[in-house]
Amino acid sequence: MLGEILLTLGVVVLLYVAWQIWIGDVIYGQTSRAEAQELSAQWAQSAPVAPAPEPTADPETQTVTYEPAAVPRDEDGVPWAIMRVPRWGSDYEIKIAGGVSKPRTLDRTWIGHYLDTEMPGEVGNFGLAAHRTTFGAPFARLPELRVGDPLVIETEAGWYVYRFRNLEYVRPDAYDVLADVPQAPEVAPGERYITLTSCSPKFSMTERIVGYGVFDSFLPRATGETPAALTEGLI
Amino acid sequence: MYAALWRILPGPWFVKLLIVLALVAAALYGLFMYVYPWIATTFVPDGGTIQ
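Residues numbered from 1 in each chain as written. Chains lettered and ligands numbered in written order. Predicted model: local features only at pLDDT ≥ 70, side-chain atom pairs only at ≥ 80, totals over all residues.

## A few points about the confidence of the model for chain B
Argument step 1. Taken over all residues, the pLDDT of chain B has a mean of 88, while the share at 70 or more is 84%.
Argument step 2. Reported confidence for the predicted complex is 0.86 by ipTM and 0.89 by pTM. (pLDDT = per-residue confidence, 0-100.)

The structure is reproduced here in structure tokens:
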């Protein structure tokens, strides 16, 4: 009798390990993606009636650019955007919510936005954090990114496309990575950056892995198009 | 414990087996969807943030 109980407890503990490193992420990942898809579909339905803003065409290269739409400041624990990263799969869609608290954002399988960093498209740094393991592990594949990979932020207004630039490994207190110019807090902001942070090594809290990107373009939803960055294929 | 459970279950052996499989599935569902997430949010530290 006692033996059977102990054996059962042993199996339950081993199953926890399997859940923590594998099964749980599969379950969380699927629900999280489905949630994001639903929100994206909602935005597509309620497409803004306002006409598309005037693009600026470069006479030399014939490329059309739009001024990025301003995003209102976000609230703690409230999803307001969706992140898509083709390198992590064409079905990779995860919600971004305000704040980086575990109970209100990260442990709800979302990507968290450091509230004291900029909003997408703004001059300065748009800082994000997410789990590298557990709770759907949105940033599990951060080290797989290659230079130039699109990092697409979808909001109700449209798509903000950033391009991945480089990775860095830092101590957990390296707050400078979130500075307007990453790692250079004394430099005046001029460019638009994105910074992704997560734990490193996997299952550890001793260091942080940091991915940087630079702003590429904005595509308003009112144009009725989707950004080429999502479909162009990877190098 | 498990021998007693097997005896209590009604029907021939294959019916018992079906019931046992259903019970196991229910237990796994409860663990994966409720118990383990609760443990992970309550006891396991895992910070991906810079502070």
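Moving on from the model shown.
## Focus: helix 1 (residues 2–45) of chain A
Every α-helical turn comprises 3.6 residues, leaving residues that sit three or four positions apart pointing alike.
Argument step 1. W19(A) marks where helix 1 of chain A bends most, by close to 60°.
Argument step 2. If you check which residues of helix 1 of chain A are buried, you get W19(A), G24(A), D25(A), Y28(A), G29(A), S32(A), R33(A) and A36(A).
Argument step 3. Buried residues along helix 1 of chain A sit against strand 3 (79–84) and strand 4 (93–98) of chain A together with helix 2 (13–43) of chain B. (Bend = angle between axes of the 7 residues up to and from the residue. Helix = DSSP H or I, 4+ residues; strand = E, 2+ residues; numbered from the N terminus. Buried ≥ 20, exposed ≤ 12 C-beta atoms within 10 Å, placed from the backbone. Contact = placed C-beta atoms within 7 Å.)

## With respect to the UniProt feature "transmembrane region" (unreviewed entry) in chain B
Argument step 1. With numbering matched to this structure, UniProt assigns "transmembrane region" (unreviewed entry) to residues 12–36 of chain B.
Argument step 2. Taken as a whole, residues 12–36 of chain B contains 96% helix and 0% strand, while its terminal C-alpha atoms sit 34 Å from one another. (UniProt positions renumbered as here; feature names shortened; annotations may be inferred.)

## A word on the sheet that holds strand 5 (residues 111–113) of chain A
Residue and element names in this part refer to chain A.
Argument step 1. The 8 strands lie next to each other as 3-4-5-6-9-10-8-7, forming a closed barrel whose pairing is mixed. Between one strand and the next, the sheet's axes are offset by a mean angle of 30°, whatever the strand orientation.
Argument step 2. Taken together, the 12 bridges between strand 8 (residues 158–170) and strand 10 (residues 207–220) define a ladder with antiparallel strand orientation. By the bridge assignment for strand 10, L167 is matched with G211.
Argument step 3. Helix-sheet contacts for helix 1 involve strand 3, strand 4 and strand 7 (150–154), and the interaxial angle to strand 4 is about 80°. (Pairing = 2+ DSSP bridges. Axes fitted to C-alpha atoms, helices over the stretch in contact; angles between N-to-C directions.)

## Let's talk about the pairing of strand 3 of chain A
All names here are of chain A.
Argument step 1. Of all the 6 residues making up strand 3, 5 are buried; the element is thus mostly covered by neighbouring parts of the structure.
Argument step 2. In terms of strand pairing, strand 3 meets strand 4 through 5 bridges, oriented antiparallel. In the sheet register, M83 faces strand 4, and the bridge partner there is I94.

## Brief notes about the interface of chain A and chain B
Argument step 1. With 33 residues of chain A in contact, the opposing surface of chain B contributes 15 residues.
Argument step 2. For the side of chain A that touches chain B, the secondary structure elements donating two or more residues are helix 1 and strand 9 (192–200) of chain A.
Argument step 3. For the side of chain A that touches chain B, the leading source of residues is helix 1 of chain A, giving 10 residues.
Argument step 4. The class makeup of the residues in the side of chain A that touches chain B is 21 nonpolar, 7 polar and 5 charged. (Nonpolar A, V, L, I, M, F, W, Y, C, P; charged D, E, K, R; others polar.)

## Some thoughts on the environment of V11(A)
Argument step 1. Mapped onto the fold, V11(A) is located in helix 1.
Argument step 2. V11(A) sits 205 residues away from D216(A) along the chain, and the two C-alpha atoms are 50 Å apart.

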